[in-house]
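Next come the chains, spelled out residue by residue.
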Amino acid sequence: MGSIASVLAQRIALGLLLLFLVSLLIFVGTILLPGDVAQQILGQSATPEALANLREELGVNRPPVERYLDWLGGLLTGDLGTALTSGQDINEAIGRRLANTLFLAFWAAIIAVPLAIFLGLLAVRYRDRWPDKSISATTLTTISMPEFVIGYILMFILGVKLNWFSPTAVGYRPDADLLTRLDSIAIPILVLTLVVLAHMMRMTRAAILNVMQSAYIETAELKGLTRFAVISRHAFPNSISPVINVIMLNLAYLVVGVVVVEVVFVYPGMGQYLVDHVTKRDIPVVQACGMIFATIYIGLNLIADLVSILANPRLRHPR
């Protein structure tokens, strides 16, 4: 038990260190962004004196080290600051946007994760036969296409031509009933599902096939077990660790990588909020969004590591 606690503590400490380094990277990256928030607020006709006064009022001309320490202190206390362009509390605005992003990612994950595992098992069961080749070809096609291309294609076919779903999420209202909300984001959910499904399915197939090369699998086959029983009872349980890692990575992508999908479908989530304020050069908002995305991504990867350690005796007792 002591060795497990030590390994878990090391992984958690590494995750916290990564968050600190990411905070430095995000801060440096945002202050190097071209453009001027004061110019965005006052417009092109503003005088140099007015611009200088506004920069002084907003505090954007303070030394970078001082600004970073203030921002880091706010992060540690849960205060993300105030948007420079609107004066709105960032915590309040991001709370609503993050809830919308998590709602979208949740329904995509509900569909994609079990479907990816099922298709991976099916591809292994019929390896090198037409089901395996069909599934592999389809997933390879979707994984090779950018999200916005898939989005525009589905938007045109399902939303415009067939009129099955709303082509954009402009009418999405968080206070509407569940079916209305799902109808508004059906196409974005489908796009995200297709993108992460391909990767998860292919990695699940590869992980199970790797286990199928083991000696105990051959023993199970010699005992007379059916191929389905060998896969379900022996191969899949022993390949669960890499499968969990792939699932967690794709869940992280569902939350962090929705920026393009949200912009394409005008969905009021974190991605759209981030892009809007990058355009305005609103540095505190960009920093807050970047830090939240980084925390979610590192957190889910940390959970994947911890689950892998607990599920694998060789990782629990490293030599």
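Residues numbered from 1 in each chain as written. Predicted model: local features only at pLDDT ≥ 70, side-chain atom pairs only at ≥ 80, totals over all residues. Heavy atoms only, no water.

Trainee: Any chance you could explain the domain arrangement of the protein chain here in plain terms?
Mentor: Interfaces are often sized by the amount of accessible area the parts lose when they come together. By domain assignment, the protein chain separates into domain 1 (1-85 + 280-319) and domain 2 (97-212 + 240-270). Computed over C-alpha atoms only, the centres of domain 1 and domain 2 are separated by 28 Å. Every contact between the two is made by 12 residues of domain 1 and, on the other side, 12 residues of domain 2. Here domain 1 meets domain 2 over a buried area of about 1,200 Å², counting both sides, of which 81% is carbon and sulfur. Three residues, Phe293, Tyr297 and Leu300, lead the burial of domain 1 against domain 2; their summed loss comes to 42% of the area buried on that side. For the interface between domain 1 and domain 2, the tally reads 0 salt bridges. Along the contact surface separating domain 1 from domain 2 lie 0 residue pairs in polar contact (both at pLDDT 80 or more). In the side of domain 1 that touches domain 2, the residues fall into 9 nonpolar, 2 polar and 1 charged. (Domains from an automatic or database assignment. Contact = heavy atoms within 4.5 Å. Buried area = accessible area lost by both parts, 1.4 Å probe. Salt bridge = Lys/Arg side-chain N within 4 Å of Asp/Glu carboxyl O. Polar contact = N/O pair within 3.5 Å; in protein donor to acceptor, adjacent residues only side chain to side chain. Nonpolar A, V, L, I, M, F, W, Y, C, P; charged D, E, K, R; others polar.)

Trainee: Explain the packing of aromatic side chains here, please?
Mentor: Any aromatic ring pair is given by two values, namely how distant the centres are and how the planes are angled relative to each other. Tallying each qualifying case throughout the model produces 5 aromatic pairs. Measuring from ring centre to ring centre gives 5.3 Å for phenylalanine 27 and tyrosine 68, while their planes differ by 65°; the resulting arrangement is edge-to-face. With phenylalanine 27 in helix H1 (residues 2-31) and tyrosine 68 in helix H4 (residues 64-76), this pair connects stretches of sequence that are 41 residues apart. Neither phenylalanine 27 nor tyrosine 68 differs from the other in exposure class; each is buried. Taken together, the ring pairs in this structure connect Phe27, Tyr68 and Trp71 into an aromatic cluster. Of note, arginine 181 hangs over the ring of phenylalanine 103, and the distance from its end group to the ring centre comes to 4.1 Å. (Phe/Tyr/Trp six-rings, centres within 6.5 Å; stacked < 30°, edge-to-face > 60°. Helix = DSSP H or I, 4+ residues; strand = E, 2+ residues; numbered from the N terminus. Buried < 20%, exposed > 50% of the residue type's maximum accessible area, 1.4 Å probe, protein only. Lys NZ or Arg CZ within 6 Å of the ring centre and 35° of its normal.)

Trainee: Help me understand the nonpolar core in this model?
Mentor: The biggest cluster of nonpolar side chains holds 71 residues, and the ones touching the most others in it are Ile94, Ile185, Val191 and Met200. Looking at this core element by element, the count peaks at 16 residues for helix H5 (residues 90-125). Each of two domains, domain 1 (1-85 + 280-319) and domain 2 (97-212 + 240-270), supplies a minimum of three residues to this core. In terms of nonpolar packing, the next biggest core, distinct from the first, is built from 9 residues, Leu19, Ile26, Phe27 and Ala294 among them. (Core = buried A, V, L, I, M, F, W, Y, C linked by side-chain atoms within 4.5 Å.)

Trainee: I would appreciate a short explanation of the confidence of the model for the protein chain in the present structure.
Mentor: Close inspection of predicted coordinates is inappropriate in any region flagged by low pLDDT. Chain-level statistics for the protein chain give a pLDDT mean of 80 and a share of 92% at 70 or above. The element-level mean pLDDT for the protein chain is lowest in helix H16 (residues 313-316), coming to 56, with helix H7 (residues 147-161) highest at 87. (pLDDT = per-residue confidence, 0-100.)

Trainee: Even after reading the chapter, I still don't get helix H14 (residues 270-279), so can you show me in this structure?
Mentor: Side chains that are three or four residues apart share a direction in an α-helix, a result of its 3.6 residues per turn. By the burial criterion, the buried members of H14 are Met270, Gly271, Gln272, Tyr273, Leu274 and His277. Remark: arginine 281 follows H14 within two positions and exhibits a positive phi of approximately 60°.

Trainee: Could you clarify how one ought to interpret unusual backbone geometry in this entry?
Mentor: Most peptide bonds adopt trans geometry, and most residues besides glycine take a negative phi value. Even without being a glycine, asparagine 163 presents a positive backbone phi close to 55°. In this structure, asparagine 163 sits in the loop between H7 and helix H8 (178-184). Note on asparagine 163: relative accessible area 59%, which makes it exposed. The residue valine 266 is not glycine, and still its phi comes out positive at about 55°. Here valine 266 lies in the loop between helix H13 (259-264) and H14.

Trainee: Would you explain the packing of H5 against H14 in this entry?
Mentor: Packed helices, taken two at a time, are described by their axes: the angle between them and the distance between them. At their nearest, the axes of H5 and H14 sit 7 Å apart, and the two run at 135° to each other. It follows from the interaxial angle that H5 and H14 lie oblique. Together, Ala93, Ile94, Arg97, Leu98 and Thr101 of H5 and Met270, Gly271, Gln272 and Tyr273 of H14 make up the contact between the two elements. Broken down by class, the residue content of the contact of H5 with H14 amounts to 5 nonpolar, 3 polar and 1 charged. (Axes fitted to C-alpha atoms, helices over the stretch in contact; angles between N-to-C directions. Parallel < 35°, antiparallel > 145°, perpendicular 65-115°, else oblique.)

Trainee: Explanation requested: helix H9 (residues 186-211) in the structure shown.
Mentor: Along its 26 residues, H9 runs 36 Å from first to last C-alpha, staying within 8% of the 38 Å computed at 1.5 Å per residue. Within H9, 19 of the 26 residues are buried, which leaves the element mostly enclosed by the surrounding structure. (Expected span 1.5 Å × (residues − 1).)

Trainee: Mind showing me how you'd approach the packing of helix H10 (residues 215-222) against helix H11 (residues 227-238) here?
Mentor: Between H10 and H11, the least distance of the axes is 10 Å, while the angle of their chain directions is 155°. In terms of orientation, H10 lies roughly antiparallel with respect to H11. The chirality of how H10 crosses H11 is right-handed. In this structure, H10 uses Tyr216, Ile217, Ala220 and Glu221 to contact H11, whose residues at the interface are Arg227, Val230, His234, Ala235 and Asn238. Across the contact of H10 with H11, the residue classes break down as 5 nonpolar, 2 polar and 2 charged. (Left-handed = near helix turned anticlockwise from the far one by under 90°.)

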